[in-house]
Amino acid sequence: MSSSFRSSAPRPYQSYVYAYPHKTAYRPFPEGGRPALSERWAGERKDALSLYLHIPFCEVRCGFCNLFTRIGAPDELTTRYLDALDRQGTAVRDALGDDEPVRFAAAAFGGGTPTFLTAGELDRLCDIAEKRMGADLRAVPLSVETSPATATADRLTVLAERGATRLSIGVQSFVDEEARAAVRPQRRADVESALARIRDARTPVLNIDLIYGIAGQTERTWRLSLDAALAWQPEELYLYPLYVRPLTGLGRAGETADRAWDAQRLRLYREGRDHLLSHGYEQVSMRMFRRSDAPPQGPDDYACQTDGMIGLGCGARSYTSTLHYSFDYAVDMREIRGIIDTYTATEDFSRAEVGREVDEDEARRRHLLQSLLRAEGMEVAGYRERFGRHPVEDFPSELDHFGSLGWLDESAGPDRLRLSADGLAYSDALGPELFSPAVRADMAAYELK
């Protein structure tokens, strides 16, 4: 496929696949059939788990955001939320049992904005991870999301003392007019001050998120944001295409995607990719770029394709080999408030409420999808060892289609499946091609709220 955008090519921006199956394919379990966590975790490998704690609060809601989060937390809501998180952590750790070693290989605090919490509340959040779940935060990679307004010195000090190895800040644009166009009120001066405080905290890895495709953005202003970010020499940079999703601020404003916008985003993506590669960054995925001399993140032995995840909080997911589960999902602010209120009032966290059973076909799809969307690709031997077959046997039409579009790197050899540069550029078109018919149907039937 030519590297230039053609109208006959698949639409490049269809769906950001950060987990599979998507939450819109989850359904509530029947009251009498809610899976007991102790039963579903019995027999699972628990020696390299990932721990994720979700904080569903932000100081503002960006126009593009469809994350599970609300603005503000009145009437000591953060205290009640942390109380519920503590109860959930106790119940989940009990469900994991002690028959086999329980060890966490990685941890993350996300949201929302975890640093919406005060310094004292962040300290308590770390206590829940360590004292309730048994995660040694000083011995494993710990990633924490923050924002320019909440990256204050006292909060950053707590996180540094408790072992944070990575801070990820959502800047999106260093151009004030573009930030306003994305309904993200901020000033560049405040962003730069926050970045200075993060560097002063000496956290080993700084990640900066940027967005391309904002109304009014040009190659010149995009390069300005890239260079402003590079001035801080971040160890990682994420470049996100702007999406307009239902029930978000931009979605309600009537913004829609068209071929011209597709072309603009694809052009800006390639501009950003090439600029970072020329400045000593390596591409890890369509979105992620890591500085070639960035420090290692410690004992990173968690593999998202095969190892389990424990998610605490009402927007977090958990994965066993056969069950993905969470809580109810919504985008509309009123619905989110109701779900958070229900979560904070919950006493019994011993059973899964909302989720999806994962059979072997879905496990194969998830393994291929999450491996293939990384720049390094997938070792065929690892897939064969897990499933007993070559991926071409399981996905002949999909892989043939990807090859016909020029999305597969033919130089990778027979032992590895790897995307070409164009394949990585079209990750958001390729990923949905691997969704099963059942997952597609349930996502289509999901009632937005």
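Here the structure is shown first, and the text comes after it.
Residues numbered from 1 in each chain as written. Predicted model: local features only at pLDDT ≥ 70, side-chain atom pairs only at ≥ 80, totals over all residues. Heavy atoms only, no water.

**Points about the packing of aromatic side chains**
1) Next: On inspection of all chains with the given rule, the structure shows 18 aromatic pairs.
2) Next: Taken together, the ring pairs in this structure connect Phe57, Tyr81, Phe116, Phe327, Tyr343 and Phe349 into an aromatic cluster.
3) Next: Taking the ring centre of Trp261 as reference, the NZ or CZ of Arg265 above it sits at 3.6 Å.
4) Next: Arg366 extends its terminal NZ or CZ atom over the ring of Tyr319, reaching a point 4.6 Å from the ring centre. (Phe/Tyr/Trp six-rings, centres within 6.5 Å; stacked < 30°, edge-to-face > 60°. Lys NZ or Arg CZ within 6 Å of the ring centre and 35° of its normal.)

**Some words on the side chain of His54**
1) Next: Relative to the assigned elements, His54 resides in strand S2 (residues 49-55).
2) Next: You can call His54 buried: its relative accessible area is 2%.
3) Next: Within the local environment of His54, its side chain forms a polar contact with the backbone nitrogen of Gly315, the two atoms lying 3.2 Å apart. (Helix = DSSP H or I, 4+ residues; strand = E, 2+ residues; numbered from the N terminus. Buried < 20%, exposed > 50% of the residue type's maximum accessible area, 1.4 Å probe, protein only. Polar contact = N/O pair within 3.5 Å; in protein donor to acceptor, adjacent residues only side chain to side chain.)

**A few points about helix H4 (residues 153-162)**
1) Next: Within the span of H4, buried status applies to Arg155, Leu156, Val158, Leu159 and Arg162. All buried residues of H4 fall inside an arc of 155° around its axis, so they share one side.
2) Next: At its buried positions, H4 is contacted by helix H3 (119-132), strand S6 (142-146), strand S7 (166-172) and helix H6 (188-200).
3) Next: Gly163 sits one or two positions beyond H4 and adopts a positive phi of about 110°. (Arc of directions from axis to C-beta. Contact = heavy atoms within 4.5 Å.)

**Some words on the nonpolar core**
1) Next: Judged by nonpolar contacts, the single largest core of 107 residues is most densely connected at Leu51, Leu85, Leu210 and Ile310.
2) Next: For this core, the element with the most residues is helix H2 (residues 77-96), which contributes nine residues. (Core = buried A, V, L, I, M, F, W, Y, C linked by side-chain atoms within 4.5 Å.)

**Considerations on the state of the cysteines**
1) Next: Following the criterion strictly, the structure yields zero disulfides and no others.
2) Next: With no disulfide of its own, Cys314 has Cys58 as its nearest cysteine by sulfur position, at a separation of 12 Å. (Disulfide = S-S within 2.5 Å.)

**Focus on the pairing of S6**
1) Next: Within S6, four of the five residues are buried, which leaves it mostly tucked inside the rest of the structure.
2) Next: Of the pairings in the sheet, the one linking strand S5 (residues 104-111) to S6 comprises three bridges and is parallel in character. Note that in S6 the partner of Phe109 across the bridge is Val144.
3) Next: Read as a crossover between parallel neighbours, the route from S5 over H3 to S6 is right-handed.
4) Next: Direction of pairing for S6 relative to S7: parallel, over a ladder of four bridges. (Pairing = 2+ DSSP bridges. Right-handed = clockwise from strand over helix to strand, strands pointing away.)

**A word on H2**
1) Next: The terminal C-alpha atoms of H2 lie 28 Å apart, and with 20 residues this matches the ideal 28 Å at 1.5 Å per residue to within 8%.
2) Next: Burial runs high along H2: 14 of the 20 residues are buried.
3) Next: Following H2 by one or two positions, Gly97 has its phi on the positive side, about 70°. (Expected span 1.5 Å × (residues − 1).)

**Digging into the environment of Leu237**
1) Next: Structurally, Leu237 is set in strand S9 (residues 236-241).
2) Next: Sequence separation between Leu237 and Arg365 is 128 residues, and the spatial gap between their C-alpha atoms is 28 Å.
3) Next: Excluding residues within four positions of it along the chain, Leu237 makes contact with Asn207, Ile208, Leu210, Ala229, Leu230, Leu276, Tyr281, Arg287, Met288 and Phe289.

**Looking at the environment of Arg290**
1) Next: Mapped onto the fold, Arg290 is located in strand S11 (residues 288-291).
2) Next: On the accessibility criterion, Arg290 (31% relative accessible area) is partly exposed.
3) Next: In sequence terms Arg290 and Val205 are 85 residues apart; their C-alpha atoms lie 9.9 Å from each other.
4) Next: Discounting residues that sit within four places of it in the chain, Arg290 has contacts with Glu235, Glu236, Gly280, Tyr281, Glu282 and Val284.

**Looking at the pattern of salt bridges**
Between side chains of opposite charge, a pair can form when the charged atoms approach closely.
1) Next: Within the structure shown, the criterion is met by 38 salt bridges.
2) Next: Between Arg273 and Asp274 there is a salt bridge, and its shortest N-O distance comes to 3.0 Å.
3) Next: For Asp274, a relative accessible area of 41% puts it in the partly exposed group.
4) Next: Between Arg365 and Asp361 there is a salt bridge whose closest N-O contact spans 3.1 Å. Remark: Asp361 and Arg365 occur in helix H11 (residues 360-372); sequence separation between them is four residues, near one turn of the helix.
5) Next: The class of Arg365 is buried, set by a relative accessible area of 10%.
6) Next: Several salt bridges share partner residues, and in doing so they unite Asp123, Asp127, Glu130, Lys131, Arg138 and Arg162 into one network. (Salt bridge = Lys/Arg side-chain N within 4 Å of Asp/Glu carboxyl O.)

**A few points about the pairing of strand S12 (residues 309-312)**
On a regular strand, each side chain points to the face opposite its neighbour's, so the side chains alternate between the two faces of the sheet.
1) Next: Going residue by residue along S12, you find Met309 and Gly311 tucked away on one face and Ile310 and Leu312 tucked away on the opposite face as well.
2) Next: Here S2 runs beside S12; their pairing, made up of four bridges, is parallel. Residue pairing in the sheet places Leu53 in a bridge with Leu312 of S12.

**Looking at the packing of H2 against helix H10 (residues 333-345)**
1) Next: Two numbers describe how H2 lies on H10: the axes approach to 8 Å, and their chain directions differ by 55°. Comparing the axis directions of H2 and H10 gives the class oblique. As H2 runs across H10, the sense of the crossing is left-handed. Between H2 and H10, the contacting residues are Leu77, Arg80, Tyr81, Ala84, Leu85, Arg87 and Gln88 on the first element and Ile340, Asp341, Tyr343, Thr344 and Ala345 on the second.
2) Next: Classifying every residue of the contact of H2 with H10 by side-chain character gives seven nonpolar, two polar and three charged. (Axes fitted to C-alpha atoms, helices over the stretch in contact; angles between N-to-C directions. Parallel < 35°, antiparallel > 145°, perpendicular 65-115°, else oblique. Left-handed = near helix turned anticlockwise from the far one by under 90°. Nonpolar A, V, L, I, M, F, W, Y, C, P; charged D, E, K, R; others polar.)

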